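What follows is the residue order along each chain.
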Amino acid sequence: MKILQDYNLNELTEKMVACGEKPFRAAQIFRNLHSGKAISEMTDISLSLREKLCESYVDEPCKIIKKLVSRDGTQKYLFRLYDGNVIEGVLMEYKYGNTLCVSTQVGCRMGCTFCASTLEGLVRNLSAGEILSEVLTVNREAGGDIKNRKVTNVVLMGSGEPLDNYEEVIKFIKLLAAPEGINVSPRNVSLSTCGLVPKIYELAEEGLAVNLTISLHSPFDESRARIMPVAKSFKISEILAACENYFNKTGRRYYFEYSLISGENDTDECVNALVKLLKGKPCHVNLIRLNEVKERNLMSTDDEKAKAFMNKLNDKGISATLRRRMGVDIDGACGQLRRRFIAEENS
Ligand code: SAH
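Residues numbered from 1 in each chain as written. Predicted model: local features only at pLDDT ≥ 70, side-chain atom pairs only at ≥ 80, totals over all residues. Heavy atoms only, no water.

**Considerations on the sheet that holds strand 12 (residues 320–322)**
Step number 1: Sheet architecture is open: ten strands sit in the order 1-2-3-4-7-8-9-10-11-12, paired in mixed fashion. Two strands lie at the open edges of the sheet, namely strand 1 (63–69) and strand 12, each paired on one side alone. Neighbour to neighbour, the strand axes of the sheet diverge by 20° on average, direction disregarded.
Step number 2: Note: strand 4 (residues 97–101) against strand 7 (residues 153–156), three bridges, orientation parallel. Counterpart to Thr99 in the pairing with strand 7 is Asn153.
Step number 3: In the packing of helix 4 (residues 128–141) onto the sheet, contacts are made with strand 1, strand 2 (75–80), strand 3 (86–94), strand 4 and strand 7, and the angle to strand 2 comes to roughly 125°. (Pairing = 2+ DSSP bridges. Helix = DSSP H or I, 4+ residues; strand = E, 2+ residues; numbered from the N terminus. Axes fitted to C-alpha atoms, helices over the stretch in contact; angles between N-to-C directions. Contact = heavy atoms within 4.5 Å.)

**Focus: the environment of His34**
Step number 1: Relative to the helices and strands, His34 resides in helix 2 (residues 23–34).
Step number 2: Among the residues examined, His34 registers a relative accessible area of 2% and is labelled buried.
Step number 3: Along the sequence, His34 and Asn139 sit 105 residues apart, while their C-alpha atoms lie 9.3 Å from each other.
Step number 4: Ignoring any residue separated from it by four or fewer positions in sequence, one finds His34 in contact with Leu132, Leu136, Ile146, Leu175, Ala178, Gly181 and Ile182. (Buried < 20%, exposed > 50% of the residue type's maximum accessible area, 1.4 Å probe, protein only.)

**Some points on the site of the ligand**
Step number 1: Taken together, the neighbourhood of the ligand is formed by 20 residues, with Ser192, Ser215, His217, Ser259 and Asn291 sitting nearest.
Step number 2: With respect to the ligand, the backbone of Asn291 contributes an N or O atom lying 2.8 Å from a nitrogen atom.
Step number 3: Relative to its unbound accessible surface of 530 Å², the ligand loses 93% to contact with the protein.
Step number 4: In the shell around the ligand, the residues fall into ten nonpolar, eight polar and two charged. (Near = heavy atom within 4 Å. Polar contact = N/O pair within 3.5 Å; in protein donor to acceptor, adjacent residues only side chain to side chain. Areas by Shrake-Rupley, 256 points an atom, 1.4 Å probe, with all protein chains shown as cover. Nonpolar A, V, L, I, M, F, W, Y, C, P; charged D, E, K, R; others polar.)

**Observations regarding the nonpolar core**
Step number 1: Counting residues in hydrophobic clusters, the biggest one holds 79 residues, and the most contacted among them are Phe172 and Phe256.
Step number 2: Ignoring any residue separated from it by four or fewer positions in sequence, one finds Phe172 in contact with Ala128, Ile131, Leu132, Val135, Val154 and Leu156.
Step number 3: Among the nonpolar cores identified, the runner-up in size contains 16 residues, and Leu12, Met16, Ile29 and Ile45 belong to it. (Core = buried A, V, L, I, M, F, W, Y, C linked by side-chain atoms within 4.5 Å.)

**Considerations on the domain arrangement of the chain**
Step number 1: According to the domain assignment, the chain consists of domain 1 (1–59) and domain 2 (61–346).
Step number 2: For domain 1 and domain 2, the distance between their C-alpha centres works out to 32 Å.
Step number 3: Counting from both sides, the interface comprises 18 residues of domain 1 and, opposite them, 18 residues of domain 2.
Step number 4: Counting each side, the surface lost to burial between domain 1 and domain 2 is near 1,500 Å², with a carbon and sulfur contribution of 62%. (Domains from an automatic or database assignment. Buried area = accessible area lost by both parts, 1.4 Å probe.)

**Regarding helix 3 (residues 47–56)**
Step number 1: Every buried residue of helix 3 is accounted for by Leu49, Arg50 and Leu53. Taken down its axis, helix 3 places every buried residue within 100° of arc, on the same side. Among the exposed residues of helix 3, those pointing more than 90 degrees away from its buried face are Ser48 and Glu55.
Step number 2: Along its buried surface, helix 3 packs onto helix 1 (9–18) and helix 2. (Arc of directions from axis to C-beta.)

Given below as structure tokens:
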């Protein structure tokens with residue numbers, strides 16, 4: 001089966017004209033898709049066309065099968081894909097709008113030791129249209145459409161490594177920006193990567209001003225490699241050079257994610273090394289306390305120590321904030337909810 005949401009308006013128009021439809025029909029279907037409608041719900045097109053489309057295309061590529069609402073308002077969604085795979089997304093409310101965290105792959109092959117998404121490796125890549133469908137479905141579920149969006153920002157921080165599914169992720173960012181569709185600008189998109197250096201250079205050439213976020217988690221190559229196997233392939237110095245190039249090409253400052261793990265990356269030695277690495281660079285550090293994953297034997301830094309870590313960085317001239325942990329009561333961390341759901345379903 002194919003995914004209709006994979007097409008941009010030009011591609012969709014070509015497809016429709018090829019099967020004898022008028023071009024305006026494509027624009028109508030495109031608007032319907034970007035409003036989050038399933039093909040079978042598009043009552044403004046003929047039943048025969050709907051039936052014809054459903055023969056070749058998935059009716060609802062990203063079906064919500066579970067929705068959990070946290071005490072802090074964070075909403076966690078589980079989606080079923082057409083082949084039965086399950087992925088997750090998280091909607092967070094901020095003052096400036098609502099941010100949806102989307103998955104880019106089913107599972108992940110990067111092997112970070114603190115992360116639940118990678119426990120069973122990579123299952124498959126998501127297509128651009130499947131990633132887009134996460135946004136379209138949640139936007140609709142939250143009461144939005146293409147004119148009045150309830151999802152205003154997107155972060156590629158769910159399951160998967162976006163730069164390990166490069167072509168589809170780039171296509172997704174372009175589809176998301178379609179003026180005739182949901183129209184979320186790349187400036188409101190954050191792409192988070194564990195640091196696939198050649199792809200960061202490639203991204204800088206795309207002409208998309210997405211916010212680049214690097215999962216750093218340690219200022220030392222050795223300790224980073226202990227928690228992130230990818231660090232054996234790319235040194236921190238190489239990542240920083242790629243970030244510098246990204247800034248020079250796009251004019252966008254870049255971000256570092258830093259999940260505080262007790263005894264591993266929360267010492268004064270780490271603060272000092274971070275200052276040495278990042279001082280004077282056009283960047284910002286997002287600190288977060290580790291979300292403890294039951295299969296992993298790592299502990300979070302406590303709240304007080306995490307705040308002190310942030311203050312020390314700020315005092316030494318590094319822009320850093322400590323993120324609120326959102327949705328902790330609903331398995332907020334990457335891949336946690338999906339794992340629990342699959343385990344329950346199989347038991
Ligand atoms: N693969 C990409 C994006 C997905 S992970 C990346 O590595 O950036 C999104 C962010 O959540 C990353 O910074 C990741 O390191 C972090 N993360 C994963 N599991 C976590 C956990 N249990 N606690 C805190 N942060 C976690």
